[in-house]
Amino acid sequence: MRVRSSVADMSDRWLYAWALGSAAFGGASLIVPLYVVSLGGDPVTLGVLAAVAAFVGVPGALAFGGIADRTGKRRGLVVGALALVAAMLAVVPLTRSIPVMIAANAVVWFASAAVLPILTLLAVADAPDNQWSARIARLNTYQGVGWALGLLAGAVWTAGATRILEVRTAQQGFLLACAGCAAVSVLAAARLLPPDPGRSAEPDPRKLRQAIRRAGRFNVRGVTFPFSPARVDPRGLHPRRLAHRFTPALTLYFGAILLVFAGSAAFFAPLPVFLGDAGYGSDGVFVLYLLSSVASALCFDRVGAFAATHDARLVQLAGLLGRALALPVVAVLGAALGVTNVGLVGTAVVFAAIGVTWAVISVTTGTIVTQLAPASIRGEALGAYSALMAFAGGLGSIAGGWLAASSYGLAFAVAGGLVLAGAAVVFLLWYRATAVSEPDRSIA
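Residues numbered from 1 in each chain as written. Predicted model: local features only at pLDDT ≥ 70, side-chain atom pairs only at ≥ 80, totals over all residues. Heavy atoms only, no water.

In the nomenclature of an unreviewed UniProt entry, the chain corresponds to Major facilitator superfamily MFS_1 from the organism Haloterrigena turkmenica.

Structural data, given as structure tokens:
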């Protein structure tokens, strides 16, 4: 029993390595756009930065997943991906070329998306089926905490460093700190990651997808980084088979996903420039993003419990309506109140509300996709959702940056309008399902 306990402790210790990596990702998710802005980047530039990061996500998961399947060398791929992240984050503060920064940032998020499915497989390696969900949930928690700590570190660093250093120099220092954090995670992962499972220990893909669904959607990074692929391995995607087997309701819901995530990305892509123009320093921007993440994290379990006893479509509809209202309100508060006491409090409340709406969307989307998809393609449908989310994020980022170059109010209004259109589609799905079930009740 003592030996078994020691093995369990070792299997948990590697999660600290991933938490360090997640902290680097969390800090980088905001410091890179802020640094680009300090070098003269405009909303269009940030739109391109975010769009490229979104578009490389699914190819990253596909590429690394395929290599992992062929070679079985999962540990090496995770360590290599984290090393790539450390190198790219070190490159960004050493250059003033925005195209180079966009490319380096793309590599960072390519690696991030690539390791997620592999880490999920490592989390369940050599564990009985009935423990998979708990292990994946634990992995999600460490990732979420690490991401939030990265944002917190950014707020503390920039608040202190900008008092004695130029803003750009302080940002460069934090970029190097993120690179250092990623480098430490490389060393920790190389030492602590569990061994590669043998071919005979490969988990059943269908059972693994079920475990991921049961583990929940504790995805704090998606609060302020809405175009990152969900924790679903897209390697099982068969587009032709999916297109043939899609039900009208599932197709309609995927349209809603496209609208919602495009709208969210259109809001977040130019947001750092807007907040800077409104008078918020780097530390203030980090605090607002952290506030959204914390609000979302605190609500995940509550939303999950509520959605389990109510219609997931209605729960999501409430969250979408709240988000559709909150996104343009940020522009109104920034333009009307700026960095006044009332403006700060109002903006903080709205950012917290945006975080809560993400908890609602994240928890309910997987449930709705699972309910609408035929049983034979549920896993593939979730993979399609992950790919569609990244694709919508790329399109929305470009649109948001382009619109914000003319008017932030217009960009944020369009962002809220897209989310509202998605909410209308979800309402239509609920209404149609209710209309179909009513005759059945009257007959009964």
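What follows picks up the thread again.
*Asks:* Can you break down the overall build of the chain residue by residue, with the values?
*Replies:* The helix and strand inventory of the chain stands at 16 helices and 0 strands. Counting all 444 residues of the chain, 55% fall into the buried class. In the chain, of all internal contacts separated by at least 6 residues, the share reaching a separation of at least 24 is 87%. Of the accessible surface of the chain, which amounts to about 18000 Å², a share of 67% is contributed by carbon and sulfur atoms. (Helix = DSSP H or I, 4+ residues; strand = E, 2+ residues; numbered from the N terminus. Buried < 20%, exposed > 50% of the residue type's maximum accessible area, 1.4 Å probe, protein only. Contact = heavy atoms within 4.5 Å. Areas by Shrake-Rupley, 256 points an atom, 1.4 Å probe, with all protein chains shown as cover.)

*Asks:* Give me the packing of aromatic side chains: which residues, what numbers.
*Replies:* Using the criterion set out here, one finds 17 aromatic pairs in the structure. Here the aromatic residues Phe-267, Phe-268, Phe-274, Tyr-289, Phe-351, Tyr-408 and Phe-412 are joined through ring pairs into a cluster of three or more. (Phe/Tyr/Trp six-rings, centres within 6.5 Å; stacked < 30°, edge-to-face > 60°.)

*Asks:* So, helix H4 (residues 74-91): which residues are in play, and what are the values?
*Replies:* The terminal C-alpha atoms of H4, which comprises 18 residues, lie 26 Å apart, in line with the 26 Å expected from a rise of 1.5 Å per residue. Taken together, the buried positions of H4 are Arg-74, Leu-77, Val-78, Val-79, Ala-81, Leu-82, Val-85, Ala-86, Met-88 and Leu-89. (Expected span 1.5 Å × (residues − 1).)

*Asks:* Account for the environment of Val-85, with residues named and values stated.
*Replies:* Residue position: Val-85 is located in helix H4. Exposure remark for Val-85: the relative accessible area of 1% places this residue in the buried category. The sequence separation of Val-85 and Val-186 amounts to 101 residues, and the corresponding C-alpha distance is 9.5 Å. Contact partners of Val-85, with chain neighbours within four places excluded, come to Phe-25, Val-108, Ala-111 and Ala-182.

*Asks:* An account of the environment of Phe-306 is needed here, citing residue identities and associated values.
*Replies:* For Phe-306, the position within the fold is in helix H12 (residues 282-309). Assessed through its relative accessible area of 43%, Phe-306 is described here as partly exposed.

*Asks:* Provide a residue-level description of the packing of helix H5 (residues 98-124) against helix H6 (residues 132-161), including the pertinent values.
*Replies:* Direction vectors running N to C along H5 and H6 enclose 145°, while the axes themselves pass 8 Å from each other. In the packing of H5 onto H6, the handedness of the crossing is right-handed. From H5, Trp-109, Leu-116, Leu-119, Thr-120, Ala-123 and Val-124 reach across to H6, where they touch Trp-132, Arg-135, Ile-136, Leu-139, Gln-143 and Trp-147. Class assignment of the residues belonging to the contact of H5 with H6 gives a composition of 9 nonpolar, 2 polar and 1 charged. (Axes fitted to C-alpha atoms, helices over the stretch in contact; angles between N-to-C directions. Left-handed = near helix turned anticlockwise from the far one by under 90°. Nonpolar A, V, L, I, M, F, W, Y, C, P; charged D, E, K, R; others polar.)

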